[in-house]
Amino acid sequence: QVRLVESGGGLVQPGGSLRLSCAASGLTFSMTRMSWYRQAPGKERELVAVDTSVGGITNYADSVKGRFTISRDNARNTMYLQMNSLKPEDTAVYYCKANWAYRPPYWGQGTQVTVSS
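Residues numbered from 1 in each chain as written. Predicted model: local features only at pLDDT ≥ 70, side-chain atom pairs only at ≥ 80, totals over all residues. Heavy atoms only, no water.

*Asks:* Can you break down the packing of aromatic side chains residue by residue, with the values?
*Replies:* Per the stated rule, a full pass over the model turns up two aromatic pairs. Consider the rings of Tyr37 and Trp107, whose centres lie 5.0 Å apart with planes at 65°: the pair is edge-to-face. Placement of Tyr37 in strand 4 (residues 32-39) and of Trp107 in strand 10 (residues 106-107) is noted, with a sequence separation of 70 residues between them. Looking at Tyr37, the relative accessible area reads 16%, which means it is buried. Ring centres of Tyr95 and Trp107 lie 6.5 Å apart, and the angle between their planes is 85°; on these two criteria the pair is classed as edge-to-face. With Tyr95 in strand 9 (residues 92-100) and Trp107 in strand 10, this residue pair connects regions lying twelve residues apart in the sequence. Of the aromatic side chains, those joined through ring pairs into one cluster are Tyr37, Tyr95 and Trp107. The ring centre of Trp107 lies 4.6 Å from the NZ or CZ of Arg45, which sits over that ring. Over the aromatic face of Trp100 sits the side chain of Arg103, whose NZ or CZ is 3.7 Å from the ring centroid. (Phe/Tyr/Trp six-rings, centres within 6.5 Å; stacked < 30°, edge-to-face > 60°. Helix = DSSP H or I, 4+ residues; strand = E, 2+ residues; numbered from the N terminus. Buried < 20%, exposed > 50% of the residue type's maximum accessible area, 1.4 Å probe, protein only. Lys NZ or Arg CZ within 6 Å of the ring centre and 35° of its normal.)

Shown next as structure tokens:
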């Protein structure tokens, strides 16, 4: 059974930093495309960052480029999102998503990030 568990969310002041983690189990992590999404109140879920698992290729939404960094540790089956220079508009529930082979995508339960003074 595939399981994704996010952690690391919380309340942070504007300009601060947080690191989110997504611990995966039940899949071949090193061969899985992993992504971070977020959903703010009243808005649709949007893609934040992708780690394709191929040659270290990553992609980011324009709104987070230069501030967020996605990474993974295949030995620990864990993906990370380092978020720096946080803004109030980064406030959202952050979800990790796994695309493993040809299976339907798997989602975590989400972790709340609130950026406020």
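*Asks:* Describe the pattern of salt bridges, and please don't skip the residues or the numbers.
*Replies:* Inspection of the entire model under this criterion finds six salt bridges. Between Arg38 and Asp90 there is a salt bridge, with its nearest N and O atoms 2.9 Å apart. On the criterion of sequence distance, the pair formed by Arg38 in strand 4 and Asp90 in the loop between strand 8 (78-83) and strand 9 is long-range, its members being 52 residues apart. Of the two residues, Arg38 and Asp90, both sit in the buried class. Among the charged side chains, a network of salt bridges with common partners joins Arg38, Glu46, Arg67 and Asp90. (Salt bridge = Lys/Arg side-chain N within 4 Å of Asp/Glu carboxyl O.)

*Asks:* A description of the sheet that holds strand 1 (residues 3-7) should follow, citing residues and the corresponding values.
*Replies:* Backbone hydrogen bonds hold the strands of a sheet together, and the pairing may be parallel or antiparallel. As summarised here, the arrangement of the four strands in space is 1-3-8-7, forming an open sheet in which the pairing is antiparallel. Whereas interior strands pair on both sides, the edge strands pair on one side only; in this sheet they are strand 1 and strand 7 (68-73). The average angle at which neighbouring strand axes cross in this sheet is 15°, direction not considered. With six bridges connecting them, strand 7 and strand 8 associate as antiparallel partners. Looking at strand 8, one finds that Phe68 is bridged to Met83. (Pairing = 2+ DSSP bridges. Axes fitted to C-alpha atoms, helices over the stretch in contact; angles between N-to-C directions.)

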